[in-house]
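So the chains spell out like this:
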Amino acid sequence: MSNWEKDPILKVEHLTMRFGGLVAINNLSFTAGRGDITALIGPNGAGKTTVFNCITGFYKPTVGRMSLRHGHIDIDAHVEALTDTAGDSVTTPEGSLYLLERMPDFQVSARAKVARTFQNIRLFSGMTVLENLMVAQHNPLMVASNWTLGGLLGLAGFRNREKAAIETAKYWLEKTKLIDRADDPAGDLPYGDQRRLEIARAMCTEPVLLCLDEPAAGLNPKESLELNTLLRAIRDDHGTSLLLIEHDMSVVMEISDHVVVLDYGTKISDGTPDHVQNDPKVIAAYLGAEDEAEVEKIEAEVGL
Amino acid sequence: MVAANEKEISAEAGVKKSRVKTGENGWEAFSSTMEVFVQQLINGVTLGAVYGLIAIGYTMVFGIIGMVNFAHGDVFMISAFVALIVFMAVTAFLGMGAGVIFLALMLALLISMVVTALYSWTIERVAYRKLRGSFRLAPLISAIGMSILLMNFVQVSQGARNKPIPPIMRDTIHLFERNGFQVAISYKQVMIIVVTALLLGIFWYVVQKTPLGRAQRACEQDAKMAALLGINVDRTIAVTFIMGAALAAVAGTMFLTYYGVVHFSDGFVPGVKAFTAAVLGGIGSLPGAVLGGLLIGLIETFWSAYFSIDYKDVAAFSILAIVLIFMPQGLLGKPEVEKV
């Protein structure tokens, strides 16, 4: 039994997203394992980013359930009961269960602890690198500042928390090799640095699940390798599970434990990198074959 | 604005008197110009401080949700009425001693800030929040509606006549006197300038140095992204309305003490001027709003003093038009950054 079946962190069931007549995601179900690097791949327009948008509260899905758990609460035992209530979460001594589709966007990050990065980078370009990371720690800082009153008076409790937040920010700047640029406006950084800063910012929210939308896009091979190291470190040292969309197959096959393949909004394959790599449906989707007969022909040609 | 006009007229009368006395010869003419200039500078800065305080409310709301809150001028008018009611109530019970007046003003300021903030919060909640995802003109129309609603509400509940407070703080500090023209700064003006500077300082600190201010700046740049980092964008916007209204309430209380009267339509002209100030300084920019406010105040005062009081608004708006032709983003505004 694979890790994502034994120890899931995210379980997506029957997710469907329609925009008017267009079906972007059609009845998609998959699970992402805790401590796994799960890759979501597929040709352009397959609906990968839409899945991310649904998970992080950017879109409200047309149909579907997305359950995320903290701790070791049994998803299957609690999810039906939770769905029948009007609530969006349940907490037991073993852990908590969240229904992401019911949560407003800011709570997906604040309570369910899901963070994400974007394919087209979305930093606060007018703010400094350090400030970008401080914004990501807004909620604990806001509490520590007694909703600004303590912050205004410069109370010790707030000052200490602010120092701790700066330390966290520095830690991630070291990890992403951006410490020298801490006081520069984020918009002035080169492209590769901005990508890493987005990851650092997402990690400052202390996520249990980090969703990365094409983190390797536009990186050169050296940067791509460094990215792999960084992502592994995030998984191994911080217990954060990763869900990533990636076009670069070398990255996907190298670092992922589990691959889900989408085409036209439907799941066509799901399994280990090896399994997916040899799945004829995946090959057909990537080579653009129209029907089974053609797939067989292609398979024959490539010698499968 | 009747009292405002009286004030301006008397300032102009002072100018004319000094012109008659000094005659046309060299140094005397110049030094008399200097005195008039200094006096008008003081008056202009006072007026500008009030405009600047209101302009911040416009500029912050525009920065964070890209909407012109046309009801903001009327929120300012409401604050002056609240201050008036508090002031009258306190002095009715405790008399008109110097200490009481100070206490009454402080109470008027505080209560006006709280009540006005509540008004502004309610307006945002009722009239703007639901329309935020709607097409761009919807919240604008709603804001104009709110403006008219507030005006009529005050007209009906407080009456359509000017509401005065007893004259207070009439003492002035004489700075210098030459050629029969006294340059003076009144206690009221000192109070307005000091309180404005103090509150701007606090406000600047909140926006630059506290988590709340960081969240506001983040929402201004990319509200969706801020939400994905766990920031409650709706609440941050509500707080922005509250802060803008609190500053407008400071302006309203100052306006009341300065002119001594308030009228239900008093929100309109200062509101439009403050909006102009925000655009002149570069809408979305906080220092720009203050600078714009000061400039509009100074232009208006100097134009009234040296040229024609009838055309002071023409002057202020003409200068706005000229600045915007050559600097479309305003004086301190950033050029449009393209959002990806």
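Computed from a prediction, not measured in an experiment: that's the story for all the values here.

Q: Residue-level account of the pairing of strand 11 (residues 266–271) of chain A, with values.
A: Residue and element names in this part refer to chain A. Bridge count for strand 10 (residues 258–263) against strand 11 is five bridges, and the pairing is antiparallel. Residue pairing for strand 11: Val-259 is matched across the bridge by Gly-271. Here strand 10 hands over to strand 11 after two residues, with Tyr-264 in that stretch at a positive phi of 50 degrees.

Q: I'd like a description of the packing of helix 4 (residues 98–128) of chain B against helix 5 (residues 137–158) of chain B, backed by residues and values.
A: Two numbers describe a pair of packed helices, the interaxial angle and the distance between the axes. All names here are of chain B. The interhelical angle for the contact between helix 4 and helix 5, taken along N-to-C directions, is 135 degrees, at an axis separation of 10 Å. By the angle between their directions, the pair helix 4 and helix 5 is classed as oblique. In this structure, helix 4 crosses over helix 5, and the sense of that crossing is right-handed. Together, Tyr-119, Ile-123, Ala-127 and Tyr-128 of helix 4 and Pro-139, Ser-142, Ala-143, Met-146, Leu-150 and Phe-153 of helix 5 make up the contact between the two elements.

Q: Describe the packing of helix 10 (residues 286–306) of chain B against helix 11 (residues 312–326) of chain B, with residues and values.
A: Residue and element names in this part refer to chain B. Running from N to C, helix 10 and helix 11 point in directions that differ by 140 degrees, and their axes come no closer than 8 Å. Here helix 10 lies oblique to helix 11, going by the angle between them. The interaxial crossing formed by helix 10 with helix 11 has right-handed handedness. Note on element contacts: helix 11 touches helix 10 through Lys-312, Asp-313, Ala-315, Ala-316 and Ile-319, opposite Ile-296, Ile-299, Glu-300, Trp-303 and Ser-304.

Q: Break down the environment of Ala-226 of chain B for me, citing the residues and quoting the values.
A: Turning to its location among the elements, Ala-226 of chain B is positioned in helix 7 (residues 211–228). Between the C-alpha atom of Ala-226 of chain B and that of Ile-193 of chain B, which follows or precedes it by 33 residues, the distance is 36 Å. In contact with Ala-226 of chain B, not counting residues within four places along its chain, are Phe-124 of chain A together with Ala-218, Cys-219, Ile-231 and Val-233 of chain B.

Q: So what's going on with the sheet that holds strand 3 (residues 37–41) of chain A? Which residues, and what values?
A: Residues and elements named next belong to chain A. Pairing within the open sheet is mixed, and its six strands lie in the order 7-8-9-3-10-11. Every other strand in the sheet has two partners, leaving strand 7 (114–116) and strand 11 as the edge strands with one partner each. Averaged over neighbouring strand pairs, the angle between their axes works out to 15 degrees when direction is ignored. By the bridge criterion, four bridges tie strand 3 to strand 10 in an arrangement that is parallel. Bridge pairing in strand 10 places Ile-41 opposite Val-261.

Q: Could you give an account of the pattern of salt bridges, with specific residues and numbers?
A: A pair can form between side chains of opposite charge whenever their charged atoms are brought close. Taken as a whole, this structure holds 27 salt bridges over all chains when the rule is applied. Linking Arg-235 of chain A and Asp-236 of chain A is a salt bridge whose minimum nitrogen-to-oxygen distance equals 2.8 Å. Salt bridges linked by common partners bring Glu-124, Arg-129, Arg-132 and Asp-234 of chain B together as one network.

Q: Got a sec to walk through a nonpolar patch on the surface? Specific residues and values, please.
A: On the surface, Leu-149, Leu-152, Leu-153 and Leu-155 of chain A together with Leu-198, Ile-202, Trp-204 and Tyr-205 of chain B cluster together into a nonpolar patch covering about 800 Å² of accessible area. It is helix 6 (residues 187–209) of chain B that contributes the most residues to the nonpolar patch, four residues altogether. On the basis of relative accessibility, which here comes to 62%, the residue Leu-153 of chain A falls in the exposed class.

Q: Kindly report on the interface of chain B and chain A, identifying the contributing residues and their values.
A: With 25 residues of chain B in contact, the opposing surface of chain A contributes 33 residues. Taken over both partners, the interface formed by chain B and chain A buries close to 2,600 Å², and the fraction arising from carbon and sulfur atoms is 64%. Counting across the chain B and chain A interface gives four salt bridges. Taken together, the connections running from chain B to chain A amount to ten residue pairs in polar contact (both at pLDDT 80 or more). At the level of secondary structure, the elements contributing two or more residues to the side of chain B that touches chain A comprise helix 6 and helix 7 of chain B. Sort the elements by how many residues they give to the side of chain B that touches chain A and helix 7 of chain B lands first, with 13 residues. The class makeup of the residues in the side of chain B that touches chain A is 14 nonpolar, five polar and six charged.

Q: Account for unusual backbone geometry, naming residues and giving values.
A: All names here are of chain A. Positioned with a positive phi, His-14 is a non-glycine residue whose angle comes to about 50 degrees. By the secondary structure assignment, His-14 is in strand 1 (residues 8–19). We note that Glu-206 has phi near 50 degrees; this positive angle belongs to a residue other than glycine. On the accessibility criterion, Glu-206 (57% relative accessible area) is exposed.

Q: Would you mind going over the packing of aromatic side chains in detail, with residue names and values included?
A: If you walk through the whole model with that rule in mind, you get 13 aromatic pairs over all chains. A ring pair is formed by Trp-303 of chain B and Phe-307 of chain B, whose centres lie 4.7 Å apart and whose planes are at 40 degrees; its orientation type is tilted. The structure contains a cluster of three or more aromatic residues connected by ring pairs, namely Phe-19, Phe-58, Tyr-59 and Phe-118 of chain A. A cation sits over an aromatic face here: Arg-116 of chain A above Phe-58 of chain A, 5.8 Å from the ring centre.

Q: Give a description of the nonpolar core that names residues and reports values.
A: By size, the foremost hydrophobic cluster in this structure holds 145 residues, and its most contacted members are Leu-197, Ile-199, Leu-231 and Ile-234 of chain A together with Tyr-128 of chain B. Looking at which element gives the most residues to this core, the answer is helix 8 (residues 233–259) of chain B, with 16 residues. Counting 30 residues, the second largest nonpolar core, distinct from the first, contains Ile-25, Leu-28, Phe-52 and Leu-209 of chain A.

Q: Could you give me a rundown of helix 10 (residues 221–238) of chain A, with the residues and numbers involved?
A: Residue and element names in this part refer to chain A. Over its 18 residues, helix 10 runs 25 Å from end to end, which matches the ideal 26 Å to within 8%, given 1.5 Å per residue. Taken together, the buried residues of helix 10 touch strand 3, helix 8 (156–175), helix 9 (191–203), strand 8 (209–213), strand 9 (241–245) and helix 11 (249–255). Backbone geometry just after helix 10 places Gly-239 at a positive phi near 65 degrees.

Q: Break down the side chain of Ser-186 of chain B for me, citing the residues and quoting the values.
A: Residues and elements named next belong to chain B. Relative to the helices and strands, Ser-186 is located in strand 3 (residues 181–186). The class for Ser-186 is buried, based on a relative accessible area of 13%. Not counting the four nearest positions on each side in its chain, Ser-186 is found in contact with Asp-171 and Thr-172.

Q: Summarise the environment of Ala-305 of chain B; cite the residues concerned and give the values.
A: Residues and elements named next belong to chain B. Relative to the assigned elements, Ala-305 resides in helix 10. Judged by its relative accessible area of 4%, Ala-305 is buried. Residues Ala-305 and Phe-37, spaced 268 residues apart in sequence, show a C-alpha to C-alpha distance of 8.9 Å.

Thresholds, definitions, all that
Residues numbered from 1 in each chain as written. Chains lettered and ligands numbered in written order. Predicted model: local features only at pLDDT ≥ 70, side-chain atom pairs only at ≥ 80, totals over all residues. Heavy atoms only, no water. Pairing = 2+ DSSP bridges. Helix = DSSP H or I, 4+ residues; strand = E, 2+ residues; numbered from the N terminus. Axes fitted to C-alpha atoms, helices over the stretch in contact; angles between N-to-C directions. Parallel < 35°, antiparallel > 145°, perpendicular 65-115°, else oblique. Left-handed = near helix turned anticlockwise from the far one by under 90°. Contact = heavy atoms within 4.5 Å. Salt bridge = Lys/Arg side-chain N within 4 Å of Asp/Glu carboxyl O. Patch = residues over 30% accessible without salt bridge, like charges linked within 9 Å, V, L, I, M, F, W, Y side chains within 5 Å. Areas by Shrake-Rupley, 256 points an atom, 1.4 Å probe, with all protein chains shown as cover. Buried < 20%, exposed > 50% of the residue type's maximum accessible area, 1.4 Å probe, protein only. Buried area = accessible area lost by both parts, 1.4 Å probe. Polar contact = N/O pair within 3.5 Å; in protein donor to acceptor, adjacent residues only side chain to side chain. Nonpolar A, V, L, I, M, F, W, Y, C, P; charged D, E, K, R; others polar. Phe/Tyr/Trp six-rings, centres within 6.5 Å; stacked < 30°, edge-to-face > 60°. Lys NZ or Arg CZ within 6 Å of the ring centre and 35° of its normal. Core = buried A, V, L, I, M, F, W, Y, C linked by side-chain atoms within 4.5 Å. Expected span 1.5 Å × (residues − 1).

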